[in-house]
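What the coordinates show
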Amino acid sequence: MKLQLIAGSVLSLALAGCAEPPSEVRRNGFLEPSFSAGQGGAGNLYTMTNASSGNAVLIYRRAADGTLTPAGSVGTAGLGSGGGLGNQGGLVLSDNGRWLLAVNAGSNSISVFRVEGDGSLTRTSTVASGGTQPISVTIAGELVYALNAGGIENIVGFRLDHSGSLEMIANSTRPLSGAGVGPAQIEFGPDGRLLAVTEKGTNQITIYLVGQDGLASAPIVNSSNGATPFGFAFSPTGVLIVSEAFGGAPDASAASSYEVTAGGGLQLISGSVPTTETAACWFVVTNDGRFAYTSNTGSGSISGYSVRRGELALLNADGRTGITGPGTAPIDLALSRNGGYLYALNSGTQTISAFAVGADGSLTTLATVSGLPASVNGLAAR
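Residues numbered from 1 in each chain as written. Predicted model: local features only at pLDDT ≥ 70, side-chain atom pairs only at ≥ 80, totals over all residues. Heavy atoms only, no water.

Attention shifts here to the pattern of salt bridges. For the coordinates displayed, the defined rule picks out three salt bridges. Across the pair Arg114 and Glu116 runs a salt bridge whose closest N-O atoms are separated by 3.2 Å. What makes Arg114 partly exposed here is its relative accessible area of 33%. By relative accessible area, which is 23% here, Glu116 ends up partly exposed. The residue Glu277 makes a salt bridge to Arg320 at a minimum N-O spacing of 2.6 Å. A residue pair is termed long-range when its members are at least 10 positions apart, and Glu277 in the loop between strand S22 (266–274) and strand S23 (280–285) and Arg320 in the loop between strand S26 (311–314) and strand S27 (322–323) qualify at 43 residues. On the basis of relative accessibility, which here comes to 6%, the residue Glu277 falls in the buried class. (Salt bridge = Lys/Arg side-chain N within 4 Å of Asp/Glu carboxyl O. Buried < 20%, exposed > 50% of the residue type's maximum accessible area, 1.4 Å probe, protein only. Helix = DSSP H or I, 4+ residues; strand = E, 2+ residues; numbered from the N terminus.)

What follows is the structure in structure tokens.
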């Protein structure tokens, strides 16, 4: 990565609609549909302004061909940070697509929105995050956990009721591996019974086991195979796939995959498979688990991987499955719920790049959306 670019991007802070549901699964008390892949049907895309004067979620209509049209905004009743958060998961949808959660890093709170049938949003609650500077949030059924990256870094649990009210779970605060670890993301595993947190500053991945009472265990600390673990995603079978920014070193980024053991340990499957690009940070996995994508913030590109039994292999020898362009500095990624479209939030140009996902994992460029605020953060699609 050009270090000058990193200094002005989100990574600098790091280093300092729906397809018909074929089945349903129960996760922590809520019955949620699963989604199948395929390019059909319209939906929505969401991002947030992260403005220090007042955070808001921006809404886009997604046409059946993947193109986006602005459809208004809704305030979070909280404040953004006004700048990069070095995070993944600042804006997330529930598995059933009924709830959207947003972090308010500037006012230490989490906001919940009910997603209406047409994709519009109704804010149902805004509550304190249980710490300072929340940067990432995750939901599994009625359980919600927030990752706080400021002050005494921690994770905190909440319960979401059917009206959209969020209530903190008593005695649910847990530490990270230590102080000043530079966390990037928190996410539940596929069955909602474990949490993972990446720590950029310590090169560690922390696992928490989640009990029937919703309480997380003490942190179970694992060393990352590669340096600067950042964004990650779980495959449907529970394989953990993590991007590795390698401190922003030029063309040095990679991705590793792991099996999570019953005790919260990590067993390496594929170790630091290179992207050949710079600063791989954000990560997504397709619904069928066959492909994974990471955004290369320093290279203006997206690297695609095939995933077979957890093993990773680059789709393109040069690591450039998709191109967002010079100076775009792609950060967050989001896949549409039908699996047909991939979107990249570009912090350098305040745009959103759209791609059609081919059956072989290839990416075809679609129209770009422009005019986003410079502080924009987070991306979620349905």
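Before going further, it helps to examine the packing of aromatic side chains. Applying the stated rule across the entire model yields three aromatic pairs. A ring pair is formed by Tyr145 and Phe188, whose centres lie 6.1 Å apart and whose planes are at 80 degrees; its orientation type is edge-to-face. Here Tyr145 is found in strand S11 (residues 143–150), whereas its partner Phe188 is found in strand S15 (residues 183–188), with 43 residues between them in sequence. The exposure classification of Tyr145 matches that of Phe188, with both residues buried. (Phe/Tyr/Trp six-rings, centres within 6.5 Å; stacked < 30°, edge-to-face > 60°.)

Take the pairing of strand S20 (residues 240–244) next. Extensive coverage of S20 is indicated by the burial of five of its five residues. Burial along S20 is two-sided: the face carrying Leu240, Val242 and Glu244 and the face carrying Ile241 and Ser243 are both buried. In terms of strand pairing, strand S19 (residues 229–234) meets S20 through four bridges, oriented antiparallel. Directly across from Ala233, in S20, lies its bridge partner Ile241. The hairpin formed by S19 and S20 contains five residues between the paired strands, and Gly238 there has a positive phi angle of roughly 95 degrees. With five bridges joining them, S20 and strand S21 (residues 254–260) adopt antiparallel strand pairing. Residue pairing across strands places Ile241 opposite Ser257, the latter belonging to S21. (Pairing = 2+ DSSP bridges.)

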